Amino acid sequence: MANEISQTANLYALLIGIDSYMPNRLPDGSLYKSLGGCVRDINHVEAFLIDERKVPKEQILKLTASINDPNEPSKPLEKETPEKLPTRQNMIDSFRKLKEMAPEGSQVYIHYSGHGGRAKTVFPSIKGDDGIDEGLVPTDIGTSEGQYLRDLDLRQLLKELVDQKLIVTVVLDCCHSGGATRGDVEIRGGEGIDDKPLQPGQELVAPVETLAEIWQSVTEETPRGLKPSGLRAARDYVLLAACRQNEYAYEYAFNQKTKERNGALTYWLLDTLRQQNPGQTYKDLFERINAKIHSQFPQQTPISMGEVNRIIFGDEFAETVYAVPVLNVEKDPETGEIQAKLGVGQVNGIAKGAEFAIYPRTVTDLKNKENRTAIATIIQRGATESLCLFKPIEGKELKVEDGDQAVLISPSINLVRKVSLFNQEQATEADLAEPGKVPANKLLPEIFTQQPKALESLKQALPKNGNGWVELAEEKVTKDDDDGVAYRVVVNNKGEYEICDRTGHPYQNIAPVKISDSDAATTVTKRLVHLAKYHATAELDNRDKASPLAGKLAIEWLGTSDIYEEGDEIPPKSQLKKFVDPSNPTVKSGEYIFLSIHNTSSQDLNVAVLDLASDWSVQQIYPGKGERFVTIYADKKEVVALPAGSIGEDTVKVFATVDQANFRWLELPSLDEQLEAKGLTRSANPLDALLAAINREQPLTRKLSVAASPSREWTTKQISLTVTK
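Values in this document were obtained by computation on a predicted structure and should not be read as measured data. (Residues numbered from 1 in each chain as written. Predicted model: local features only at pLDDT ≥ 70, side-chain atom pairs only at ≥ 80, totals over all residues. Heavy atoms only, no water.)

### Brief notes about the overall build of the chain
Scanning the chain from N- to C-terminus turns up 13 helices and 36 strands. Out of the 725 residues belonging to the chain, those deemed buried represent 57%. Look at the contacts in the chain between residues 6 or more apart in sequence, and 73% of them connect residues 24 or more apart. (Helix = DSSP H or I, 4+ residues; strand = E, 2+ residues; numbered from the N terminus. Buried < 20%, exposed > 50% of the residue type's maximum accessible area, 1.4 Å probe, protein only. Contact = heavy atoms within 4.5 Å.)

So this is what it looks like as structure tokens:
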């Protein structure tokens, strides 16, 4: 099995590391400080590929700029000849050499460690006169010949690799912001926005028309603009970026004896790869990296995009699992209890008292109870992270590590929906006197006699198949039961089970189930569980009017289009079809409808859009596959093009958080589709109110305390529409 992991002979790599920036000061006075860990990153990656992955050395291209003398950090080593230095042209040439070297179907791994930068666009015809380019900063950026490898350059070079049917993975350990640091820490980003133009003789990597097509094509993937490290959403490759666009990428002396620095992303990437098990995906890899980095550097949030459910250094895909990561595992010195934070909170609908099964990060089968290592109970809920206590599983050692996976197994009492089994009366002779007009709340004699058995079958099925989400209202009444009955189940005159709301009105778009069917009671129970989760997501809300985010998210439908196609530029509102009735927006199936999202707060917000459809499904519709959220900057707008799907009434719900969050775990298939065990993918609760008592509770330990008022860190808005033929 070890050999299965270690052999990757069909892998080709381009490794770029820049410590020395020569000279590092730009004409406007800003500078790119020389770094201390980038070349070390690249050397460590190269050693890993050769020694542990058995990649032939001749299949690895390497560009480095090392520091020769600490007193002259802008002077590179003499042994690094001009053709081996990471200049813009050498980077472009190496990308294309890699394309020539690698046969079709090969793995291609690209790793960059160095500064990221921002500059006034050299593509004004594409981005506009005030556009910004983001890109990789070459070693000679301070010279007259030095030039950025800009976002569109990089996107074109990656497209050329993908077009050759190569399986591409990109790691960018850099950022686009600079700042002051203390101690053994450095930031991999420059200050300000450079205005350096292309010099004569510095050609574009492709004609402007080709680059414009790329920009337009990725606009559909993410209309918001640039993604971390100058790339937009990756559909056809895997991208691991060190941080979000407005954050820092740190390098740090992880080895305190030698004081040698490494990039945080690269350090934990290699540490995790060395512990890899067969079948693990890039998502599994990312979850541990994210847990490690975010616990050490709260201002750095790594990003993964693209084909993240692809097997690491493989071409096969695994089923996507949206498990919640375990963070900051620590032992309380006073009580000896093992505590940690889970990457889930109030914004995801989790309540105090919820229980999770813990699985090692190396495990991919989340259905097998034998794989569990501990049970965690939420003792204090935060906005996006919650404090939990662990208890051992009988016969097993209590062992939990950062990056392990948490799966919801028992919702707290606040998550439960109550079901009433309603006994209908038998129709009287007077009711039966006029054929075909028996009242809906009364049963024909032949159906009435079957009613007791049918309801008893359902009564027996609820505790067996309800999984803690639904329970009989008659069986359990609690002090905090403000809502009472959520669903009523009745038998109708067609001999069918009927699921109704609390007022007794049957729900639409639910196929009938005959009470005579052998598995009828089980089917109805599973539907009730599905509806409980659907409505929990629908009701998930932050009602704290004192929150600084209250009222800071504005959304509206702008209009529709029957000529817009995927990849087109988002049209202005004036070119969209207006709604006949603005109070009841309607779109035809197959058309596009355009949603405006405006962040009116003074903080950058991470946003995700969910569609609660009339077929009882819940899907994240923006951003796309492989991404958890997009960042909308303070006082900025985003316009999203959404294709209209199935006919019916839909609710679109927009979530915004200050910190990172994963809303894909709220996703549900349409009713009666199989619910697979996918970590937290299927769990939610209504958040009927924000309880003041939770905000007033004291944490058990100062070290692991989460936000005292989680409602300050998230908000949500929803909007409805009707899809017609």
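Next, the rest of the story.
### What to know about the packing of helix α2 (residues 38-52) against helix α7 (residues 264-273)
Direction vectors running N to C along α2 and α7 enclose 15 degrees, while the axes themselves pass 10 Å from each other. Regarding the angle of α2 to α7, the classification is roughly parallel. By crossing handedness, the relation of α2 to α7 is classed as left-handed. Counting all contacts with α2, which are made through D41, H44, V45 and F48, the residues of α7 involved are T266, L270 and L273. Grouping the amino acids of the contact of α2 with α7 by side-chain chemistry returns 4 nonpolar, 2 polar and 1 charged. (Axes fitted to C-alpha atoms, helices over the stretch in contact; angles between N-to-C directions. Parallel < 35°, antiparallel > 145°, perpendicular 65-115°, else oblique. Left-handed = near helix turned anticlockwise from the far one by under 90°. Nonpolar A, V, L, I, M, F, W, Y, C, P; charged D, E, K, R; others polar.)

### A word on the packing of aromatic side chains
What characterises a pair of aromatic rings is the spacing of the ring centres plus the angle enclosed by the ring planes. Scanning all chains against the criterion turns up 14 aromatic pairs. Consider the rings of Y32 and Y148, whose centres lie 6.3 Å apart with planes at 70 degrees: the pair is edge-to-face. Highlighted residues: Y32 in the loop between β1 (11-18) and α2 and Y148 in the loop between β7 (132-136) and β8 (149-150), separated in sequence by 116 residues. For Y32, a relative accessible area of 3% corresponds to the buried category. Given the relative accessible area of 2%, Y148 is considered buried. Measuring from ring centre to ring centre gives 6.2 Å for F254 and W268, while their planes differ by 90 degrees; the resulting arrangement is edge-to-face. Placement of F254 in strand β12 (residues 250-255) and of W268 in helix α7 is noted, with a sequence separation of 14 residues between them. Like F254, the residue W268 is buried in the burial classification. (Phe/Tyr/Trp six-rings, centres within 6.5 Å; stacked < 30°, edge-to-face > 60°.)

### What about the nonpolar core?
Counting residues in each nonpolar core, the largest one holds 63 residues, and the members touching the most others are L342, F356, F390, Y497 and L528. Per-element accounting of this core gives the leading share, 8 residues, to helix α12 (residues 520-539). Apart from residues lying up to four places away in sequence, L342 is in contact with V324, P325, V326, F356, I378, T384, E385, S386, C388 and A406. Judged by nonpolar contacts, the second largest core, of 50 residues, contains A102, L149, L158 and V205. (Core = buried A, V, L, I, M, F, W, Y, C linked by side-chain atoms within 4.5 Å.)

### As for the side chain of S304
Residue position: S304 is located in strand β14 (residues 303-306). Here S304 falls in the buried class, since its relative accessible area comes to 13%. In contact with S304, other than residues within four places in its own chain, are L239, L240, F286 and G626.

### What about the pattern of salt bridges?
Pairing between side chains becomes possible if they bear opposite charge and their charged atoms approach one another. Taken as a whole and assessed by the stated rule, the structure comprises 22 salt bridges. One salt bridge connects E160 with K99, and the closest N-O pair in it is separated by 3.6 Å. Placement of E160 in helix α5 (residues 151-163) and of K99 in helix α3 (residues 88-101) is noted, with a sequence separation of 61 residues between them. You can call E160 buried: its relative accessible area is 14%. The shortest N-O distance in the salt bridge between D133 and R150 comes to 3.0 Å. Here D133, found in strand β7, pairs with R150, found in strand β8; they are 17 residues apart in sequence, far enough to count as distant. The exposure classification of D133 matches that of R150, with both residues buried. (Salt bridge = Lys/Arg side-chain N within 4 Å of Asp/Glu carboxyl O.)

### Description of the sheet that holds strand β21 (residues 417-421)
Spatial strand order, β24-β21-β25-β26-β27: 5 strands in an open sheet with mixed pairing. Because the sheet does not close on itself, it has two edges, and the strands there are β24 (470-472) and β27 (513-514). Examined bridge by bridge, strand β26 (residues 496-500) and β27 share 2 bridges and lie antiparallel to one another. Bridged to E496 within β27 is K514. Those strands touched by helix α11 (residues 451-465) are β21, β24, β25 (485-491) and β26, and its axis lies near 140 degrees from that of β25. Lying over the sheet, α12 contacts β21, β24, β25, β26 and β27, oriented at roughly 15 degrees with respect to β26. (Pairing = 2+ DSSP bridges.)

### Remarks on the sheet that holds β1
Pairing is mixed in the open sheet, where 6 strands are placed in the order β2-β1-β5-β9-β11-β14. Each end of this open sheet is capped by a strand with a single partner; those strands are β2 (60-65) and β14. Strand after strand, the sheet turns through a mean of 10 degrees between neighbouring axes, direction not considered. Sheet topology places strand β5 (residues 107-113) next to strand β9 (residues 167-173); 7 bridges connect them, and they run parallel. Bridge pairing in β9 places I110 opposite V170. Across the sheet, α7 touches β5, β9 and β11 (238-241), and the angle it forms with β9 is around 135 degrees.

### What about the pairing of strand β18 (residues 374-381)?
Within β18, 7 of the 8 residues are buried, which leaves it mostly tucked inside the rest of the structure. The sheet contact formed by strand β17 (residues 355-359) and β18 spans 4 bridges and is antiparallel. Looking at β18, one finds that I358 is bridged to A374. Counting the residues in the hairpin turn of β18 and strand β19 (residues 386-392) gives 4 residues.

### Here we look at the environment of D650
The topology assignment puts D650 in strand β35 (residues 648-657). Here the side chain of D650 touches S614 through a polar contact of 3.3 Å, landing on its backbone nitrogen. (Polar contact = N/O pair within 3.5 Å; in protein donor to acceptor, adjacent residues only side chain to side chain.)

### Some words on α12
The terminal C-alpha atoms of α12 lie 28 Å apart, and with 20 residues this matches the ideal 28 Å at 1.5 Å per residue to within 8%. In terms of burial, α12 is a largely internal element, 15 of the 20 residues being buried. (Expected span 1.5 Å × (residues − 1).)

### A word on the confidence of the model for the chain
With 82% of its residues at a pLDDT of 70 or more, the chain has an overall mean of 80. Scored below 50 in pLDDT, residues 219-234 makes 71 contacts in the model with residues more than four places away or belonging to other chains. Residue range residues 476-483 is modelled with pLDDT below 50. Its contacts to residues more than four positions away, or to other chains, number 10 contacts. (pLDDT = per-residue confidence, 0-100.)

### Observations concerning unusual backbone geometry
With the exception of glycine, most residues fall at negative phi, and the peptide bonds are largely trans. In this chain, Y622 is followed by P623 through a cis amide linkage whose omega measures -5 degrees. Within the secondary structure, P623 is located in the loop between β32 (618-622) and β33 (630-632). Despite not being glycine, F313 shows a phi value in the positive range, around 55 degrees. Here F313 shows up in the loop between β14 and β15 (324-331). Backbone geometry places N328, a non-glycine residue, at a positive phi of 50 degrees. For N328, the location among the structural elements is in strand β15. A residue is classified by how much of its surface remains accessible, and N328, at 17% relative accessible area, is buried.

### Some thoughts on the environment of E134
Inspection of the secondary structure assignment puts E134 in strand β7. Exposure remark for E134: the relative accessible area of 3% places this residue in the buried category. Looking at E134, its side chain comes within polar contact range of the side chain of R118, at 3.3 Å.

### Notes on α7
For α7, the tally of buried residues reaches 8 of 10 residues, placing the bulk of the element in the interior. Three or more residues of α7 are buried, namely A264, L265, T266, W268, L269, L270, T272 and L273.

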